[in-house]
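Spelled out, the chains give:
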Amino acid sequence: MNHPEQLDARSCVLLRLGERRFALAAEHIAELVAPSRVYRFAHRTPGIDGVILRRGRVVPVCDVAERLVGKKLTYRRFYLVATRRRGANLDWVALPVSGECELITADLTPASESDSPHVAAWLSHDGEVIEVLNLDALTPGASGEAVVPHSGTPEAHA
Amino acid sequence: MQPGATRKAQPVRTEQIILFRASSQVFAISSASVQEVRSVDGLAGSPKEIHEPSLPKVRHMFRRGERNVYVVVVTAHFGLRPSQASLIFLLRKSRTALLVDGIEKMTTMTRLQALPGAFCHEERLWYRGLTVLDQSVVPVVNPAGFLTEEELFVLDAAAVRMAEAGGPPTDEMGLNL
């Protein structure tokens, strides 16, 4: 029997969405900030709540809780500002989280083909098996995602 | 270079913009792309109703010289709640006019930030980018994003059909909103 390959220990940030905890590779984390005003304007990308301003930079707020735990967060404790590589640039996204975040070092187990695309790997911490998130699969506009105008006229998110 | 020589400060590039309101939202448009601002009651050129089912955001057109100009209801374009529009922006070098609620103010922007990559649908055509004014984020519209060439073609065809059929009565008092 083949066991999944074990990766080296890596730094991860644990984040809480409601009752569940998830992890993100620490290299993708820019900062953890207190909730600030969310600016909203008309757009048609599902999953984007609006934008926040961080040191003059406009950062989209992507509420991934609905996709991961089935409902939007009713309480936002922090925004975890993460980065994604998009071509030569870094793309920033703010993920609302409902509790404290924790930096840990853990051994990662790679995701298998049967796992959801948003699972980059797994880690075990405090007796809990935790999904390490793949931001590209979880947030809109990852490289390669096409700009596809809708044929209909869905409600704009404003 | 002489030691201690002062470096010339880069001149800040600014762009004059008009902040306008549509429904509850504020947008910015470069003032250079707006040729005229008219009240909906004072529009010359006898606006006519146009009905093209595939483009419900366009309900009126009028003639300017030899060209048809199509009025885009900005709230409908952006999928916002309908509101009481009072002004029309006639766009420069364009056959598009915009029906908006009103002008907030004219100001200048010094920095246009690209729309973050997470926005990946029509808004990438709608906006040139975002600007920050008074600690608020304002989308800067792309004047060419309201009607594509294909949509203008469809509207021209609808206008021809309408003319051949006699067309609806002209609303001489302005746009019937």
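A quick note: this is a predicted structure, and the numbers were derived from the prediction, not measured.

Considerations on the overall build of chain A
When helices and strands are counted, chain A shows two helices and 10 strands. When the helices and strands of chain A are listed from N to C terminus, the series reads β-β-β-β-β-α-β-β-β-β-β-α. Once local pairs closer than 6 in sequence are excluded, the contacts in chain A between residues at least 24 apart make up 55%.

Remarks on the packing of aromatic side chains
Residue and element names in this part refer to chain B. Under the criterion given, the structure shown has 10 aromatic pairs over all chains. Ring plane angle 25 degrees and centroid distance 6.5 Å describe the contact between F27 and Y127, whose orientation is recorded as stacked. Placement of the pair is F27 in strand 2 (residues 25-30) and Y127 in strand 10 (residues 127-133), with a sequence separation of 100 residues. Take F27 and Y127: they sit in the same class, and that class is buried.

Topic: the pattern of salt bridges
Residues and elements named next belong to chain A. Overall, the coordinates contain 20 salt bridges over all chains when judged by the stated rule. For R21, the salt bridge goes to E128, with nearest N and O atoms at 3.1 Å. Taken together, the residues span a long stretch of sequence, with R21 in strand 2 (residues 20-25) and E128 in strand 10 (residues 128-133) at a distance of 107 residues. Given the relative accessible area of 28%, E128 is considered partly exposed. Measuring nitrogen to oxygen at the nearest pair gives 3.2 Å for the salt bridge that ties E31 to R55. Of the two residues, E31 is situated in strand 3 (residues 29-33) and R55 in the loop between strand 4 (48-54) and strand 5 (57-62); the sequence distance between them amounts to 24 residues. Given a relative accessible area of 70%, R55 falls into the exposed group. A single network of salt bridges, built from pairs that share partners, joins R40, D49, D63 and R76.

Comments concerning the interface of chain B and chain A
Contact residues are listed per partner, giving 26 residues for chain B and 31 residues for chain A. Inspection of the chain B/chain A interface yields one salt bridge. The salt bridge partner of E122 of chain B is R44 of chain A, with a shortest N-O separation of 3.3 Å. Seen at the junction of chain B and chain A, the total is 12 residue pairs in polar contact (both at pLDDT 80 or more). When residues in the side of chain B that touches chain A are grouped by element, the largest group, four residues, is from helix 2 (residues 123-126) of chain B. The residue makeup of the side of chain B that touches chain A, split by class, is 14 nonpolar, eight polar and four charged.

Examining the side chain of D91 of chain A
Here D91 of chain A is to be found in strand 7 (residues 89-97). A polar side-chain atom of D91 of chain A sits 3.3 Å from the main-chain amide nitrogen of G117 of chain B. Not counting the four nearest positions on each side in its chain, D91 of chain A is found in contact with A82, T83, R84 and R86 of chain A together with P116, G117 and A118 of chain B.

Focus: helix 3 (residues 149-164) of chain B
Residue and element names in this part refer to chain B. Helix length check: helix 3, at 16 residues, gives a terminal C-alpha distance of 23 Å against a target of 22 Å (1.5 Å per residue), a fit within 8%. If you check which residues of helix 3 are buried, you get L152, L155, A158, A159 and M162. Down the axis of helix 3, the buried side of the element spans an arc of 120 degrees, and every buried residue falls inside it. More than 90 degrees from the buried face of helix 3, the exposed residues found are E149, E150, F153 and E164. Next to the buried residues of helix 3 lie strand 4 (48-49), strand 5 (58-64) and strand 6 (67-73). Just downstream of helix 3 lies G166, where phi reads positive at about 100 degrees.

Details of the sheet that holds strand 3 (residues 34-39) of chain B
Adjacent strands of a sheet form backbone hydrogen bonds with each other and so pair up, either parallel or antiparallel. Residue and element names in this part refer to chain B. One open sheet holds the six strands; their spatial order is 3-7-8-6-5-4, and the pairing between them is mixed. Looking at the sheet topology across the chains shown, the edges are occupied by strand 3 and strand 4. Bridge analysis of strand 6 against strand 8 (residues 96-100) gives four bridges, and the strand direction is parallel. Paired with Y70 across the strands is T96, a residue of strand 8.

Details of the pairing of strand 7 (residues 87-91) of chain B
Residues and elements named next belong to chain B. With five of five residues buried, strand 7 is to be regarded as a mostly interior element. Residues L87, F89 and L91 line one face of strand 7 and the alternating positions I88 and L90 line the opposite face, and both faces are buried. As paired elements, strand 3 and strand 7 share five bridges and run antiparallel to each other. By the bridge assignment, V37 is partnered in strand 7 with F89. As judged from the four bridges shared by strand 7 and strand 8, these two strands associate in the antiparallel manner. Directly across from L90, in strand 8, lies its bridge partner A97. Between strand 7 and strand 8, which pair antiparallel in sequence order, lie four residues; one of them, K93, sits at a positive phi of approximately 50 degrees.

Focus: the pairing of strand 2 of chain B
Residue and element names in this part refer to chain B. Among the six residues in strand 2, five count as buried, and that is most of the element. Bridge count for strand 1 (residues 15-22) against strand 2 is six bridges, and the pairing is antiparallel. Counted as the bridge partner of R21 is V26 from strand 2. Here strand 1 folds back onto strand 2 in antiparallel fashion, the turn holding two residues, of which S23 has a positive phi close to 55 degrees.

Calculation rules
Residues numbered from 1 in each chain as written. Chains lettered and ligands numbered in written order. Predicted model: local features only at pLDDT ≥ 70, side-chain atom pairs only at ≥ 80, totals over all residues. Heavy atoms only, no water. Helix = DSSP H or I, 4+ residues; strand = E, 2+ residues; numbered from the N terminus. Contact = heavy atoms within 4.5 Å. Phe/Tyr/Trp six-rings, centres within 6.5 Å; stacked < 30°, edge-to-face > 60°. Buried < 20%, exposed > 50% of the residue type's maximum accessible area, 1.4 Å probe, protein only. Salt bridge = Lys/Arg side-chain N within 4 Å of Asp/Glu carboxyl O. Polar contact = N/O pair within 3.5 Å; in protein donor to acceptor, adjacent residues only side chain to side chain. Nonpolar A, V, L, I, M, F, W, Y, C, P; charged D, E, K, R; others polar. Expected span 1.5 Å × (residues − 1). Arc of directions from axis to C-beta. Pairing = 2+ DSSP bridges.

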